[in-house]
Amino acid sequence: MKYTHPVLVRWSDIDSYDHVNNVRYFDYLQEARIAFLGEVLGVTGDVFAEHSVVLVSQTVDYLRPIMLRHPPYDVDVWVDAVGTTSYTLGSWIVDRSGESEDVYAKAVSVLVATDPDTHAKRPLSASERAALLKHVETA
């Protein structure tokens, strides 16, 4: 199941070329990832206080420039894979305001579960694994 999170482009996101600076794409992806994990793991407050993780890798393919406009763009997030101590999320930034779905960026993010006290890698709990596995998207 894909989760969709709307993001509004802010004036401060725009660079001298009148489009969203490439670094801001990471902000949009992070915002959506946190909302997704809160929903998937059933946390209404600080998701990382209960399910400590670290982002260890993120790749982004920029497909087209995002422009300043209203309505918001959508960021879709889903689970690609679940391992013993980590999981991989897929996401894309997409415009659904017209008649077609135009994808602006595709991303892959790898998160590793950590112990909140020692910051060492830890196995995913049974409840984390179960919740994440419910949201795996197959190609």
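Thresholds, definitions, all that
- Residues numbered from 1 in each chain as written.
- Predicted model: local features only at pLDDT ≥ 70, side-chain atom pairs only at ≥ 80, totals over all residues.
- Heavy atoms only, no water.
- Helix = DSSP H or I, 4+ residues; strand = E, 2+ residues; numbered from the N terminus.
- Buried < 20%, exposed > 50% of the residue type's maximum accessible area, 1.4 Å probe, protein only.
- Contact = heavy atoms within 4.5 Å.
- Arc of directions from axis to C-beta.
- Pairing = 2+ DSSP bridges.
- Axes fitted to C-alpha atoms, helices over the stretch in contact; angles between N-to-C directions.

- Going by the annotation in an unreviewed UniProt entry, the name recorded for the protein chain is Acyl-CoA thioesterase, with Kribbella pittospori given as the source organism.

### Some thoughts on the side chain of Ser52
Stage number 1. Along the chain, the position of Ser52 falls in the loop between α2 (47–50) and β2 (53–62).
Stage number 2. Judged by its relative accessible area of 13%, Ser52 is buried.
Stage number 3. Setting aside its immediate chain neighbours within four residues, Ser52 contacts Val112, Ala113, Thr114, Asp115, Pro116 and Arg122.

### Looking at helix α3 (residues 126–133)
Stage number 1. Those residues of α3 that fall on the buried side of the exposure criterion are Glu128, Ala131 and Leu132. Looking down the long axis of α3, one finds its buried residues gathered within 95° of arc, a one-sided arrangement.
Stage number 2. Looking at the buried positions of α3, the neighbouring elements they touch are α1 (22–41), β3 (73–82) and β4 (86–95).

### Overview of the sheet that holds β4
Stage number 1. Read across the sheet, five strands follow the order β1-β3-β4-β5-β2 without closing on themselves; strand pairing throughout is antiparallel. Unpaired on one side and paired on the other, β1 (3–7) and β2 mark the two borders of the sheet. Averaged over all adjacent pairs, the angle separating strand axes in this sheet is 25°, with direction ignored.
Stage number 2. By the bridge criterion, eight bridges tie β3 to β4 in an arrangement that is antiparallel. Across the sheet, residue Asp76 finds its bridge partner in β4, namely Trp92.
Stage number 3. Set on the sheet, α1 makes contact with β1, β2, β3, β4 and β5 (102–113); between it and β1 the angle comes to about 135°.

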